Amino acid sequence: MAQIFSLEYPQSLGVYDDYATAQKAVDHLSDQEFPVENVLIVGTDLKQLERVTGRLTWGRVILSGVAGGAWFGLLIGLLLGIFAAEGQWLQAVLTGVILGVVWGAVIAIVGYAMSRGQRDFSSVKTILPSKYELLVEHKYLARGQELLASMPGTTALS
């Protein structure tokens, strides 16, 4: 997998403020029949953002565990229901949901209790690049620079 993300002696074609502009530059290269299979778009200057979505309480933790367990139990119940004897389909689904609710709550309670109040909030995380750099194999650098210089309305940062 890493092989596909590597170039032989990569060189910078330009740095852009946003992904859309970098993508537009690659599209321009492609329209000019440049060998774009030798180009990488690399997000650089990474920032991790974490948005706090709420305070965790025992009630929210248990409710979240119950809800997640119910969905998982429903899935398992439906799968078991396929193989259930005739007339036992609904019982298999309900059993799956009930067991999912119970185990979801138990797992959530144990997990929250083990945190000992070290993280009493919920959040979502993402990693965002600040810049996008176009890298190209060294043997295509001059042609790529020439084509991007002729691209109307777009300027790279470097």
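Residues numbered from 1 in each chain as written. Predicted model: local features only at pLDDT ≥ 70, side-chain atom pairs only at ≥ 80, totals over all residues. Heavy atoms only, no water.

## Quick look at the overall build of the chain
Now for step 1: A tally of regular secondary structure across the chain gives four helices and three strands.
Now for step 2: In sequence order, the chain lays out its α and β elements as β-α-β-α-α-β-α.
Now for step 3: Whereas a compact globule of 158 residues would reach a radius of gyration of roughly 15 Å, the chain reaches 26 Å, over 25% beyond that.
Now for step 4: With the C-alpha coordinates aligned to their principal axes, the bounding extent of the chain is approximately 70 × 45 × 30 Å.
Now for step 5: Within the span of the chain, comprising 158 residues, buried residues form 27% of the whole.
Now for step 6: If you take every contact in the chain between residues at least 6 apart in sequence, the share linking residues at least 24 apart comes to 85%.
Now for step 7: Here the chain has roughly 10900 Å² of accessible surface; of this, 61% comes from carbon and sulfur atoms.
Now for step 8: Averaging the locations of the 11 positively and 14 negatively charged side chains of the chain gives two centres separated by 16 Å. (Helix = DSSP H or I, 4+ residues; strand = E, 2+ residues; numbered from the N terminus. Rg over C-alpha atoms; globule rule 2.2 N^0.38 Å. Buried < 20%, exposed > 50% of the residue type's maximum accessible area, 1.4 Å probe, protein only. Contact = heavy atoms within 4.5 Å. Areas by Shrake-Rupley, 256 points an atom, 1.4 Å probe, with all protein chains shown as cover. Lys, Arg positive; Asp, Glu negative; His and termini not counted. Charge placed at Lys NZ, Arg CZ, Asp CG, Glu CD.)

## So, the UniProt feature "transmembrane region" (unreviewed entry) in the chain
Now for step 1: UniProt records the feature "transmembrane region" (unreviewed entry) at residues 61–83 and 89–113, using the numbering of this structure.
Now for step 2: Helix makes up 100% of residues 61–83 and strand 0%. Its end C-alpha atoms lie 33 Å apart.
Now for step 3: Along residues 89–113, the helical share is 100% and the strand share 0%, with 36 Å between the first and last C-alpha atoms. (UniProt positions renumbered as here; feature names shortened; annotations may be inferred.)

## Observations concerning the side chain of Ser 122
Now for step 1: Tracing the backbone shows Ser 122 in strand S3 (residues 121–137).
Now for step 2: You can call Ser 122 buried: its relative accessible area is 19%.
Now for step 3: Here Thr 53 takes part through its side chain, which lies 2.8 Å from a polar atom of the side chain of Ser 122.
Now for step 4: Beyond its immediate stretch of four places on either side in the chain, Ser 122 contacts Arg 51, Val 52, Thr 53, Gly 54, Leu 56 and Arg 60. (Polar contact = N/O pair within 3.5 Å; in protein donor to acceptor, adjacent residues only side chain to side chain.)

## Considering the nonpolar core
Now for step 1: Counting 15 residues, the largest nonpolar core has Leu 13, Leu 134 and Leu 148 as the members making the most contacts within it.
Now for step 2: Of all elements in the fold, only strand S1 (10–16), helix H1 (19–31), S3 and helix H4 (141–149) reach the threshold of two or more residues within this core.
Now for step 3: With four residues, the single largest contributor to this core is H1. (Core = buried A, V, L, I, M, F, W, Y, C linked by side-chain atoms within 4.5 Å.)

## Description of the packing of H1 against H4
Now for step 1: Across the interface, H1 lies against H4 with an axial gap of 10 Å and an inter-helix angle of 105°. The angle between H1 and H4 places the two elements in the roughly perpendicular class. Contacts from Ala 25, His 28 and Leu 29 of H1 reach H4 at Gly 144, Leu 147 and Leu 148.
Now for step 2: Considering only residue class, the contact of H1 with H4 consists of four nonpolar, two polar and no charged. (Axes fitted to C-alpha atoms, helices over the stretch in contact; angles between N-to-C directions. Parallel < 35°, antiparallel > 145°, perpendicular 65-115°, else oblique. Nonpolar A, V, L, I, M, F, W, Y, C, P; charged D, E, K, R; others polar.)

## As for the sheet that holds strand S2 (residues 39–55)
Backbone-to-backbone hydrogen bonds pair the strands of a sheet. The strands run either parallel or antiparallel.
Now for step 1: Reading across the sheet, the three strands line up as S1-S3-S2 and stay open at both edges, with antiparallel pairing between neighbours. In the strand order of this sheet, the two ends are held by S1 and S2, each with one partner. Taking the axes of each pair of neighbouring strands and ignoring which way they run, one obtains an average angle of 35° across the sheet.
Now for step 2: One ladder, built from 15 bridges, connects S2 with S3; its direction is antiparallel. Note on S3: the bridge partner recorded for Val 52 is Ser 123. (Pairing = 2+ DSSP bridges.)

## Comments concerning helix H3 (residues 89–115)
Now for step 1: Here H3 contains 27 residues, and its C-alpha end-to-end distance of 39 Å stays within 8% of the 39 Å for a straight helix at 1.5 Å per residue.
Now for step 2: Every buried residue of H3 is listed here: Ala 92, Val 93, Gly 96, Gly 100, Gly 104, Ala 105, Ala 108 and Tyr 112.
Now for step 3: At its buried positions, H3 is contacted by helix H2 (58–83).
Now for step 4: Arg 116, located one to two residues past H3, shows a positive phi value of around 50°. (Expected span 1.5 Å × (residues − 1).)

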